Amino acid sequence: MTRPGTSLFDLRTPSPRHPGLDAARGLAVVAMVLGHTLDALLSPEMRAHPWVQQYWTLRGITAPLFLLVAGFAVVAALGTSRERAGQMMGRRLRRALLLLFLGYFVHWPGWGTVHWLGWGEELRALLFSFDALQCIGVSLGVGAIVLALARGTWTRAIALAVLAVGIPLASTWAWGAAAPGPIELRQAVGMPGSRFPLFPWAGFFFAGALTAHLSRALRPGWPQGLALGTLGAGLLAVTSRLSADWSPTSAWLVAFRVGEGLLVLGAINLLPQLLTRPLAPLGRASLWLYVLHLPVVYGWAGTAGLAGRVGPTLGLPTALLVGITLLAVCYGIAWLGQRLGRSGRKTPDSSAWRARPLPVEGGARS
């Protein structure tokens with residue numbers, strides 16, 4: 001959560017939420033940008049390399065980790081106050097709307113595509129593609145309302161548990177119930193080919209929120225790190241005894257990925273801050289790294305990106321260099337936005353029109 005008086009782009013300000021959250025998100029955003037770049041540029045021969053195949057397997061934790069950390073941060077920012085959730089609800093609902101806007105904005109296909117396709121289901125499927133930002137935005141809005149209404153410790157725990165467990169378990173039913181509806185509803189609730197439908201992906205967000213609520217009495221650092229690592233290992237042990245189900249509506253898969261994500265978050269809490277601190281600025285800029293890098297890699301509004309201009313032709317070293325350069329350039333743009341925002345606040349009359357800063361959460365596609 002951004003402190004009052006700081007900029008939306010204030011990447012240097014240490015996060016007051018939790019010492020491991022920004023580092024965890026920073027790790028995920030590095031994997032996200034590099035993963036998208038490699039996916040777009042690696043040649044078919046290099047993609048078949050065993051090391052690259054192993055990376056694709058590990059990359060599956062990127063998006064679940066983002067959603068898990070986003071939910072964790074929402075509850076961790078409340079502290080022990082019962083009234084704070086109600087006080088912050090309006091700000092969080094505005095943040096949710098911002099995430100929805102940006103999520104749909106990055107999928108704008110351009111007026112040429114609109115005129116060519118005409119207003120039909122194919123065009124609406126492009127316009128209303130439900131991605132990670134939309135999933136986090138809707139989850140954040142629902143979570144803000146639930147946290148504001150459920151003020152008691154046990155009431156809040158039960159409400160979050162119902163969402164964290166119920167959403168994955170109800171995914172198959174929800175997909176079937178949404179099937180007769182319009183494409184916009186099916187994209188959001190769940191359908192074959194939907195990237196990040198609410199069922200089951202919102203379950204990651206509320207699993208993180210529930211974990212933060214249950215561990216709020218523990219001090220961040222090694223106490224929470226041990227607890228998160230133990231809980232994550234326990235979930236992985238339980239899922240290892242059950243039949244694996246890798247289908248898109250699988251509750252088993254959500255529990256498995258939540259276990260992996262808690263292990264990562266626990267490990268980051270246990271590591272010395274000397275090792276994790278460099279990742280924190282990337283974590284605080286994760287939303288802007290997401291929004292900025294997608295058009296460069298995949299194109300936007302009819303303009304081809306790296307995938308269309310270079311395509312799958314590069315070797316691993318060259319593709320990695322492109323990904324690292326892209327990450328650095330996107331962060332530099334976010335940093336420049338921060339500097340411009342800070343200089344704008346120094347004008348004598350700027351306080352008369354400047355809007356209250358909106359803290360934002362990031363996301364990433366798997």
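Preceding block: the structure.
About the cut-offs
- Sequence order sets the numbering: in each chain, residues are counted from 1 along the sequence as written.
- In keeping with the model being predicted, local features are shown solely for residues with a pLDDT of at least 70 and side-chain atom pairs are shown and tallied solely at 80 or more, while totals for entire chains, interfaces and linings include all residues.
- Excluded from the side-chain calculation are hydrogens and water; included are all heavy atoms of the structure.
- The angle between two axes is taken between their N-to-C directions and runs from 0 to 180 degrees, where each axis is a line fitted to C-alpha atoms and a helix contributes only its stretch in contact.
- Helix and strand labels come from DSSP, where a helix needs a run of H or I of at least four residues and a strand needs a run of E of at least two; each type is numbered from the N terminus.
- Here the word oblique covers every angle except those under 35 degrees (roughly parallel), over 145 (roughly antiparallel) and from 65 to 115 (roughly perpendicular).
- We call a crossing left-handed when the near helix sits turned anticlockwise from the far one by less than a right angle, and right-handed when that turn is clockwise.
- In what follows, residue pairs with any heavy atoms lying within 4.5 Å of each other are defined as contacts.
- The nonpolar class holds Ala, Val, Leu, Ile, Met, Phe, Trp, Tyr, Cys and Pro. Asp, Glu, Lys and Arg form the charged class, and all remaining residues, Gly among them, are polar.
- Polar contacts, as used here, are pairs of N or O atoms within 3.5 Å; protein pairs need one atom able to donate a hydrogen and one able to accept it. Residues neighboring in sequence count only if both atoms are side-chain atoms.
- The buried label goes to any residue with under 20% of its type's maximum accessible area, the exposed label to any with over 50%, and the partly exposed label to all in between, with areas taken from a 1.4 Å probe on protein chains only.
- Counted as salt bridges are all cases of a side-chain nitrogen of Lys or Arg within 4 Å of a carboxyl oxygen of Asp or Glu.

Participant: Explanation requested: the packing of helix α4 (residues 62-76) against helix α12 (residues 198-214) in the structure shown.
Facilitator: Any two packed helices are characterised by how steeply their axes cross, that is the angle between the axes, and by the distance between the axes. Where α4 contacts α12, the axes come no closer than 7 Å and their chain directions differ by 40°. In this view, α4 runs oblique relative to α12, as classed from their interaxial angle. Our pair here, α4 against α12, has a crossing hand that is right-handed. Across the interface between the two elements, Ala-63, Pro-64, Leu-67, Leu-68, Ala-70, Gly-71, Phe-72, Val-74, Val-75 and Ala-76 of α4 pack against Trp-201, Phe-204, Phe-205, Ala-207, Gly-208, Ala-209, Thr-211, Ala-212 and His-213 of α12. Its residues assigned to classes, the contact of α4 with α12 shows 15 nonpolar, four polar and no charged.

Participant: It is not clear to me how the environment of Ser-240 should be interpreted in this structure. Could you clarify?
Facilitator: Looking at the element boundaries, Ser-240 is found in helix α13 (residues 222-240). At a separation of 2.6 Å, a polar atom in the side chain of Ser-240 contacts the main-chain carbonyl oxygen of Ala-237.

Participant: Would you mind going over the side chain of Arg-186 with me for this structure?
Facilitator: Within the fold, Arg-186 resides in helix α11 (residues 183-189). Here Arg-186 falls in the buried class, since its relative accessible area comes to 15%. Not counting residues within four places of it along the chain, the set of residues in contact with Arg-186 comprises Glu-121, Ala-178, Ala-179, Gly-181 and Met-191.

Participant: Even after reading the chapter, I still don't get the pattern of salt bridges, so can you show me in this structure?
Facilitator: Once their charged atoms are close, side chains differing in charge can pair, the charge on each being opposite to the other. Applying the stated rule across the entire model yields five salt bridges. The residue Asp-22 makes a salt bridge to Arg-284 at a minimum N-O spacing of 3.7 Å. Of this pair, Asp-22 sits in helix α1 (residues 21-41) while Arg-284 sits in helix α16 (residues 280-284); the two residues are 262 residues apart in sequence, bridging distant segments of the chain. When the shortest N-O distance is used, the salt bridge between Arg-257 and Glu-260 registers 2.8 Å. Of this pair, Arg-257 and Glu-260 both sit in helix α14 (residues 251-270), separated by three residues, roughly a single helical turn. The class for Arg-257 is buried, based on a relative accessible area of 14%.

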